[in-house]
Amino acid sequence: MYIYNFKVDICLLLELILNLPLRIFEGFIKEYNMEFNLSAVSFLSEKNFLSIEEAKVYDVVIIGGGPAGLTAAVYCMRKGVSTAIIIKDIGGQVADTAAVENYLGYKYINGVELVEKFKEQVQQFSIAYEEGRSVVSLSDDDIKKVVLDNGKVVQGKTVIIASGKTWRKLNVPGEDRLVGRGVAYCAICDAPLFAGKIAIVAGGGNSGIEAALDLAAIASKVVVVQNLENLTADKILIEKLSKFTNVEYVFKSHVLEIEGDEKVTGVVVENIQTKEKTSIVADGIFISIGLDPNSDFVKGVVDMNRFNEINTDSFCRTSVEGIFAAGDVTSVPFKQIIIAGGEGSKAALSACEYIMKKD
Amino acid sequence: MALFEAKIQEQLKNILGNMKNEVKIVYFTQEIECTLCHDTRSFVQEIASLNDKLSVKVYDLVLDKEKAQLYGVDKIPAIVLLDKDGKDYGIKFYGLPGGYEINSFLGTLLEVSGHKEALPGDILKRIKAVDKDVHIQVFVSLGCPHCPDAVSVAHRLALENPRIKADMVDSNNFVPMAQKYNVTGVPKIIFNDRYELVGAHPLNTFLDVIEKL
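Residues numbered from 1 in each chain as written. Chains lettered and ligands numbered in written order. Predicted model: local features only at pLDDT ≥ 70, side-chain atom pairs only at ≥ 80, totals over all residues.

Draft legend 1. Seen up close, unusual backbone geometry. Residues and elements named next belong to chain B. In this chain, I76 is followed by P77 through a cis amide linkage whose omega measures -5 degrees. Inspection of the secondary structure assignment puts P77 in the loop between α3 (65-71) and β3 (78-82). Along the chain, V186 connects to P187 via a cis peptide bond; the corresponding omega equals -5 degrees. Here P187 lies in the loop between α7 (175-180) and β7 (188-191). (Helix = DSSP H or I, 4+ residues; strand = E, 2+ residues; numbered from the N terminus.)

Draft legend 2. Summary view of the sheet that holds strand β14 (residues 253-259) of chain A. All names here are of chain A. Reading across from one edge, β14-β15-β16 is the order of the 3 strands in this open sheet, with antiparallel pairing throughout. Each of the sheet's edge strands pairs with one partner strand only, and the pair in question is β14 and β16 (277-281). In this sheet, adjacent strand axes meet at a mean angle of 30 degrees when their direction is disregarded. In terms of strand pairing, strand β15 (residues 266-271) meets β16 through 5 bridges, oriented antiparallel. Within β16, the residue paired with V267 across the bridge is I280. (Pairing = 2+ DSSP bridges. Axes fitted to C-alpha atoms, helices over the stretch in contact; angles between N-to-C directions.)

Draft legend 3. Spatial organisation of helix α9 (residues 337-358) of chain A. Residues and elements named next belong to chain A. Relative to the 32 Å expected for 22 residues at 1.5 Å per residue, α9 spans 31 Å between its end C-alpha atoms, a close match to the ideal helical length. Of the positions making up α9, those classed as buried are I337, A340, G341, E343, G344, K346, A347, A348, S350, A351 and C352. Elements in contact with the buried residues of α9: β3 (57-63), α4 (67-79), β8 (153-161) and β19 (323-325). (Expected span 1.5 Å × (residues − 1). Buried ≥ 20, exposed ≤ 12 C-beta atoms within 10 Å, placed from the backbone. Contact = placed C-beta atoms within 7 Å.)

Draft legend 4. The arrangement of the sheet that holds strand β4 (residues 88-94) of chain B in detail. Residues and elements named next belong to chain B. As summarised here, the arrangement of the 8 strands in space is β2-β1-β3-β4-β6-β5-β7-β8, forming an open sheet in which the pairing is mixed. Here the strands that pair on one side only, and so sit at the sheet edges, are β2 (54-60) and β8 (195-198). Strand after strand, the sheet turns through a mean of 20 degrees between neighbouring axes, direction not considered. Pairing analysis gives 4 bridges linking β3 to β4, with the strands arranged antiparallel. Paired with I79 across the strands is F93, a residue of β4. Lying on the sheet, helix α6 (residues 147-160) is in contact with β4, β5 (134-140), β6 (164-170) and β7; it crosses β6 at an angle near 155 degrees.

That's the geometry; what it means functionally is another story.
Here it is as structure tokens:
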């Protein structure tokens, strides 16, 4: 990291004299650090990946490329069973995480780097690999058929579902229409675009308050909308946020509608008790109200709990023989990277044992 | 003073060691440089000093107007990558590719040098079949971990088909432009000013949009 000394250059002075909108200069006026988040491993490792063959019946088909799926892949390949892995977003939620400080072996690592390291470990194997595809259905036949969103069918003697969770949507009018036009889910990505603007944060848990912290440093105003009567984030985060004077809180309320044609212009919130509706003018809304399991494609195939998490036993077995599940998509408590990794290894070992006994 | 720490310099050297052929970095600035232009120049010069296969040519957007027109550069700072024969693939970086974007810069640099992964046959066929002019602009912010993926995909498309041109644009440096395209979420990908995608999408999704143009 290189600390830059602020210097007024002639170009900047000229622009100031011409009296252009001030926001253009914000980046120049304050001192800034140019950081380089280099992912060195992704350039240096050999990639041995194979493409998935539809005619082949794989021993194990892994659905998901977060810590659970990638750990399962390493265990399966080391066991020597033929394995295919289908990944929608490599790293899953870890890739959206700014800092990881509780995955043993690293006192501090950023999420993307950790994912790179996971991927590097998978890359040493000739695994059948498909990235950027999601699964639309899964059959419970003896030979499981995994259907991808491009119509491709992948066959497996066993399947490990490690499809994780995605940010829950508000499911209110305007949300889908205005994604990327003021509706945002990734604070570390999009907060810098709200310099001098007004931003709403829906959600008062850890991820909501983390988003509010990122925003409070640069936005003119941040409004946190929380459905409960207090914030549920960790104390340390709430204290940090309370130091900002440009943050307002709206408690016991939820977002009813996101307004705007071309881009977000405001939101309508409703007090849950009084049913009173208020309009808040805003340039954007960050939605951090929790996560939903990516289990739609197996609804009716395997048993789930009331949160649509897949029920598993201590061997990661689901209600269907030959279908295993691991990580955040399951009913296993405490969603953590290290737990997902451990569950992924368990699911892989269970699947390998199942194949051995069956053959 | 060096822009890169010793450790990063070492890693960069290793990565650049994978370059197959020479690459020429063409850098556009102006006589009286803005702060970021000055930094971006240091960036390309320092990178180039790490490997013999790299060279830098600096042009002035105003004084070298015909060069700017030749490469289709309309704002600064701008980086254009040319291959060993000086061929321009329509690959540009507007702004300093710092933060996570260093990864897309290096990835594209390696690809232009000829070090690239083979694409699946069906995807390559679809890219080669594109027979209209396509201009892809990928708006990024430097703290966005997904953005380099979107930039790499866009640049790979440009590399494989001369009708496709692809730019990385740093939203925080080109603010009026980002406002024009309503960029409030990144990566935001604009196709010929007609269609847009938000998020890091894979090659096939880019192609789905391009085929609609």
